[in-house]
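Single-letter residue listing:
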Amino acid sequence: MGLCTARIPGQGTAEAIRARVGKREFSAFIAEAVARELRGQVLDEYLADYESRKGPVSEPARQRARQVFDEVFAEEPEWPAAG
């Protein structure tokens, strides 16, 4: 896993995270939040592409797709490298 540094605007946000998860779990919390956001974006892109080709996706189908994406990505230790 590579190390990167990110700046979180507003000191209050970082303090709120530390208060919630503790100093030692700060990085893990941020990593999980970023992974969750990436999964959401990938799913939204997939559903938009699907809808452009096949038509609207029902809300129950969207919820099921999110569940499947979460299960699949939970099995992966890391995101694949962009290339």
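Residues numbered from 1 in each chain as written. Predicted model: local features only at pLDDT ≥ 70, side-chain atom pairs only at ≥ 80, totals over all residues. Heavy atoms only, no water.

### Let's talk about the nonpolar core
One broad trend across soluble globular proteins is that nonpolar side chains are buried collectively. Stated formally: Take the buried residues of types Ala, Val, Leu, Ile, Met, Phe, Trp, Tyr and Cys, join any two whose side-chain atoms come within 4.5 Å, and each joined set is a nonpolar core. Only protein chains enter the calculation, and the probe is 1.4 Å; a residue is then buried if its accessible area is under 20% of its type maximum, exposed if over 50%, and partly exposed in between. Think of it this way: any DSSP run of H or I at least four residues long counts as a helix, any run of E at least two long counts as a strand, and we number them from the N terminus.
Judged by nonpolar contacts, Leu43, Leu47, Val57, Ala65 and Phe69 together constitute the single largest core of five residues. Of all the elements in the fold, those that place two or more residues in this core are α2 (26-54) and α3 (59-75).

### Describing the packing of helix α1 (residues 11-21) against α2
In a pair of packed helices, the angle between the axes and the distance between the axes together describe the arrangement. Convention followed: Lines fitted to C-alpha atoms define the axes here, with helix axes fitted over just the stretch in contact, and angles between the N-to-C directions of these axes take values from 0 to 180 degrees. In this scheme, roughly parallel covers angles under 35 degrees and roughly antiparallel covers those over 145, while 65 to 115 is roughly perpendicular and the rest are oblique. Contacts are assigned to residue pairs with any non-hydrogen atoms lying within 4.5 Å of each other. In the scheme used here, Gly and all other residues not listed as nonpolar or charged are polar, with Ala, Val, Leu, Ile, Met, Phe, Trp, Tyr, Cys and Pro taken as nonpolar and Asp, Glu, Lys and Arg as charged.
For the pair α1 and α2, the least separation of the axes is 9 Å and the interaxial angle reads 110 degrees. What the angle tells us is that α1 and α2 run roughly perpendicular. Two secondary-structure elements touch here, α1 through Ala14, Ile17, Arg18 and Val21 and α2 through Phe26, Phe29 and Ile30. Partitioned by chemical class, the residues of the contact of α1 with α2 number six nonpolar, no polar and one charged.

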